[in-house]
Amino acid sequence: MDGITIALSKGRIFDETLPLLAAAGIEPLENPESSRRLILPTNREHVRVLIVRATDTPTYVQYGAADLGVAGKDVLLEHGSDGLYQPIDLGIARCRMMVAVPAGFDYQSAVRQGARLKVASKYLNIAREHFAAKGVHVDLIKLYGSMELAPLAGLADAIVDLVSTGSTLKANNLVACEHIMDISSRLIVNQAALKLKREALAPILAAIAGVVQQ
Ligand code: ATP
Ligand code: MG
């Protein structure tokens, strides 16, 4: 039987994928929160899990270092989907991509007046497409984290970031002013593996699809 390698990031994606893998009869034998190992064995001799950074998951699957992975729609839109088959929206790690501004800033009238906005984000492709579709002129500033700081420090007028409860925005006196898209995580599959390892992969995909649709 062909070996199967699954790329997961630790934290919410690992945690929320566990029950889906369990439905396919796959159980990692170690917990990435307590283990320092980056390759985790599972109860199935031929199945292993790689622990990767969330933004690196599509890269591992695209190059075939992993056959399967789970990645957020945000990560997939920023990375691109070359060589990736995306059969299932898993409905996990749900949040929203939003534009947010300081509480006192009138975003709608700035947009109406055709102001040129400085927007900081980790998600430049998503931000670029969103503002281009609205015809809003923006200068995009790439950040790698703590986007909430940018408007407070005077780096940007607005941010594009993921929001779930909104408590981080609130704690920093920011408000979400525009919804860009809903985000959830998808199963991604290496396109070549899908053909070459079909016998091993098909039952796993079917079992996961079965529990997701319930
Ligand atoms: P890190 O937090 O270690 O810097 P990361 O932000 O890339 O890494 P996670 O926080 O594990 O990784 O997020 C993984 C995915 O989960 C994101 O790509 C996104 O799709 C989703 N996500 C991010 N933040 C939230 C949230 N607050 N609630 C629900 N889902 C989220
Ligand atoms: Mg995070």
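In case you missed it, the structure is sitting above this.
Quick caveat, the model's predicted, so the values are computed rather than measured.

Q: Please give an account of the site of ligand 1 that cites residues and values.
A: With respect to spatial proximity, 15 residues lie near ligand 1, and among them Arg12, Arg53, Asp74, Arg94 and Ser164 are the closest. Between ligand 1 and arginine 12, the relevant distance is 2.8 Å, taken from an oxygen atom to a side-chain nitrogen or oxygen of the residue. In the environment of ligand 1, a nitrogen atom lies 3.3 Å from a nitrogen or oxygen atom belonging to the backbone of alanine 93. Going through the elements one at a time, helix H1 (12-23), helix H3 (73-79) and strand E5 (84-102) are the ones with two or more residues in the shell around ligand 1. Top element by residues in the shell around ligand 1 is E5. It accounts for three residues. Looking at which domains feed residues into the shell around ligand 1, each of domain 1 (4-93 + 184-212) and domain 2 (95-182) gives three or more.

Q: Got a sec to walk through the pairing of strand E3 (residues 47-51)? Specific residues and values, please.
A: Within E3, four of the five residues are buried, which leaves it mostly tucked inside the rest of the structure. As paired strands, strand E1 (residues 4-8) and E3 are joined by five bridges and run parallel to one another. Within E3, the residue paired with leucine 8 across the bridge is isoleucine 51. Here strand E2 (residues 39-41) runs beside E3; their pairing, made up of three bridges, is antiparallel. Across the sheet, the residue bridging to isoleucine 39 is leucine 50, located in E3. Following E2, the chain reverses through five residues before pairing antiparallel with E3.

Q: Describe the sheet that holds strand E9 (residues 174-190), and please don't skip the residues or the numbers.
A: Taken in spatial order, the nine strands line up as E2-E3-E1-E4-E9-E5-E8-E6-E7 in an open sheet, and their pairing is mixed. Looking at the sheet topology across the chains shown, the edges are occupied by E2 and strand E7 (138-142). Here the average twist between neighbouring strands, direction ignored, is 25 degrees. Sheet analysis places strand E6 (residues 117-121) next to strand E8 (residues 158-163), joined by three bridges and oriented parallel. Considered in E8, the bridge of alanine 120 is made with isoleucine 159.

Q: Go over the pattern of salt bridges with me, naming the residues and quoting the values.
A: In the structure shown here, the tally under the stated rule is five salt bridges. Across the salt bridge formed by arginine 186 and aspartate 89, the nearest N and O atoms sit 3.4 Å from each other. One end of the pair, arginine 186, is in strand E9; the other, aspartate 89, is in strand E5, with 97 residues separating them in the sequence. Overall, aspartate 89 belongs to the partly exposed group, its relative accessible area being 36%. In this structure, glutamate 178 and lysine 134 form a salt bridge, with 2.6 Å as the shortest nitrogen-oxygen distance. Within this pair, whereas glutamate 178 is found in strand E9, its partner lysine 134 is found in helix H5 (residues 124-134), the two being separated by 44 residues in sequence.

What counts and what doesn't
Residues numbered from 1 in each chain as written. Chains lettered and ligands numbered in written order. Predicted model: local features only at pLDDT ≥ 70, side-chain atom pairs only at ≥ 80, totals over all residues. Heavy atoms only, no water. Near = heavy atom within 4 Å. Polar contact = N/O pair within 3.5 Å; in protein donor to acceptor, adjacent residues only side chain to side chain. Helix = DSSP H or I, 4+ residues; strand = E, 2+ residues; numbered from the N terminus. Domains from an automatic or database assignment. Buried < 20%, exposed > 50% of the residue type's maximum accessible area, 1.4 Å probe, protein only. Pairing = 2+ DSSP bridges. Axes fitted to C-alpha atoms, helices over the stretch in contact; angles between N-to-C directions. Salt bridge = Lys/Arg side-chain N within 4 Å of Asp/Glu carboxyl O.

Keep in mind these values describe shape, not function.
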